Amino acid sequence: LAKTTQPISMDSYEGQEVNITCSHNNIATNDYITWYQQFPSQGPRFIIQGYKTKVTNEVASLFIPADRKSSTLSLPRVSLSDTAVYYCLVGRPSNYQLIWGAGTKLIIKP
Amino acid sequence: SQTIHQWPATLVQPVGSPLSLECTVEGTSNPNLYWYRQAAGRGLQLLFYSVGIGQISSEVPQNLSASRPQDRQFILSSKKLLLSDSGFYLCAWHPSGVAGGGRTGELFFGEGSRLTVL
């Protein structure tokens, strides 16, 4: 089972780009990398998912190197509302063996 | 569109009392369903998952149980709550199979149920 490691917390300022890196050295061939965002007292919300290289959507980018042993979530020009816990998830729900990292608490300051 | 609902949102129960949390999904059929628990400041712990009516798999031994009496209904129960059962309980669903749509790894979560056992 792939295990993920993320920084416990990060601080940044409004308007900055924030990069959160997740390590997953034992990722399996069929595993995808998915990032979720969670606000207090709410369920996590999907941000982005990728398998390899780079994926970009309207809110974030996900960079995955060729060996897939790590991934980096990039949030462009963050705002105060981006303050949340970000989880790196490796696996596929169909395998019923989802490994959730401890999450990174991101605090955005004015 | 698909929606997921959990209730109650907040629950305060004495030790030894029973528990019933309910989760329903609308707008899809034969979803994979999950119950997670989240302790304060911690990550998510998978408790149960279900791939169909009456099919429940447990990930962690505990005094909790789950049932799926209908295709889109998932219930988390306990006969006697412990202090350690306190936490934030989250129900989630995922489309079953490729034809179910959605991104491969995307789980859709409910609003959560916060349980405090006193």
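In this text the structure is predicted, and so the values were computed from the model without any measurement.

Before going further, it helps to spend a moment on the overall build of chain B. Helix and strand counts for chain B come out as 0 helices and 11 strands. Its C-alpha atoms give chain B a radius of gyration of 14 Å, near enough to 13 Å, the size a compact globule of 118 residues would have. Seen through its C-alpha atoms, chain B measures out along the principal axes to roughly 45 × 30 × 25 Å. Going through the 118 residues of chain B one by one, you find that 48% of them count as buried. For chain B, long-range pairs separated by at least 24 residues make up 56% of all intrachain contacts whose partners lie at least 6 apart in sequence. Surface exposure of chain B reaches about 5500 Å², of which carbon and sulfur atoms provide 54%.

Another point: the pattern of salt bridges. All names here are of chain B. Evaluation of the coordinates by the stated rule reveals 4 salt bridges over all chains. Taking the shortest distance from any N to any O, the salt bridge between D85 and R37 comes out at 3.6 Å. Remark: R37 occurs in strand 4 (residues 32-38) and D85 occurs in the loop between strand 8 (73-78) and strand 9 (87-94); sequence separation between them is 48 residues. Residue classification places D85 among the buried positions, given a relative accessible area of 3%. Looking at R37, the relative accessible area reads 14%, which means it is buried. We note a salt bridge from R68 to D71, for which the minimum N-O separation is 3.3 Å. Judged by its relative accessible area of 2%, R68 falls in the buried class. Of the residues examined, D71 reaches a relative accessible area of 22% and is grouped as partly exposed.

Here we come to the sheet that holds strand 5 (residues 53-56) of chain A. Backbone-to-backbone hydrogen bonds join strands into a sheet, with any given pair of strands oriented parallel or antiparallel. Residues and elements named next belong to chain A. Read across the sheet, 4 strands follow the order 2-7-6-5 without closing on themselves; strand pairing throughout is antiparallel. Each end of this open sheet is capped by a strand with a single partner; those strands are strand 2 (18-23) and strand 5. Averaged over all pairs of adjacent strands, the angle between their axes in this sheet comes to 15 degrees, without regard to strand direction. One ladder, built from 3 bridges, connects strand 6 (residues 61-64) with strand 7 (residues 70-75); its direction is antiparallel. Within the sheet, the bridge partner assigned to S61 lies in strand 7 and is S74.

As used in these notes, a disulfide is a covalent bond between sulfur atoms, one from each of two cysteines. Residues and elements named next belong to chain A. Overall, the coordinates contain 2 disulfides over all chains when judged by the stated rule. One disulfide in the model links C22 with C88; its S-S distance is 2.2 Å. Given an S-S torsion of about -80 degrees, the disulfide between C22 and C88 has left-handed geometry. Taken together, the residues C22 in strand 2 and C88 in strand 8 (residues 84-91) connect sequence positions 66 residues apart.

Residue and element names in this part refer to chain B. Here we have 4 strands laid out as an open sheet, ordered 1-3-8-7, and antiparallel in their pairing. Edge positions in the sheet fall to strand 1 (3-7) and strand 7 (64-70), since each of these pairs with one other strand and no more. Put simply, the sheet's adjacent strands are angled 15 degrees from each other on average, direction ignored. Two strands pair when backbone bridges link them, and strand 1 and strand 3 (residues 19-26) are joined in this way by 5 bridges, in the antiparallel orientation. Looking at strand 3, one finds that H5 is bridged to T24.

Looking now at the interface of chain A and chain B. In many analyses, interface size is given as the accessible surface area lost on bringing the parts together. On the side of chain B, 23 residues touch chain A, which itself brings 18 residues to the contact. Summed over both sides, the interface between chain A and chain B buries roughly 1700 Å², with carbon and sulfur atoms accounting for 59% of that surface. The interface formed by chain A and chain B includes 5 residue pairs in polar contact (both at pLDDT 80 or more). Sorting the residues of the side of chain A that touches chain B by element identifies strand 3 (32-38) and strand 4 (45-50) of chain A as the ones contributing at least two each. Partitioned by chemical class, the residues of the side of chain A that touches chain B number 10 nonpolar, 7 polar and 1 charged.

About the criteria used
- Residues numbered from 1 in each chain as written.
- Chains lettered and ligands numbered in written order.
- Predicted model: local features only at pLDDT ≥ 70, side-chain atom pairs only at ≥ 80, totals over all residues.
- Heavy atoms only, no water.
- Helix = DSSP H or I, 4+ residues; strand = E, 2+ residues; numbered from the N terminus.
- Rg over C-alpha atoms; globule rule 2.2 N^0.38 Å.
- Buried < 20%, exposed > 50% of the residue type's maximum accessible area, 1.4 Å probe, protein only.
- Contact = heavy atoms within 4.5 Å.
- Areas by Shrake-Rupley, 256 points an atom, 1.4 Å probe, with all protein chains shown as cover.
- Salt bridge = Lys/Arg side-chain N within 4 Å of Asp/Glu carboxyl O.
- Pairing = 2+ DSSP bridges.
- Axes fitted to C-alpha atoms, helices over the stretch in contact; angles between N-to-C directions.
- Disulfide = S-S within 2.5 Å.
- Buried area = accessible area lost by both parts, 1.4 Å probe.
- Polar contact = N/O pair within 3.5 Å; in protein donor to acceptor, adjacent residues only side chain to side chain.
- Nonpolar A, V, L, I, M, F, W, Y, C, P; charged D, E, K, R; others polar.

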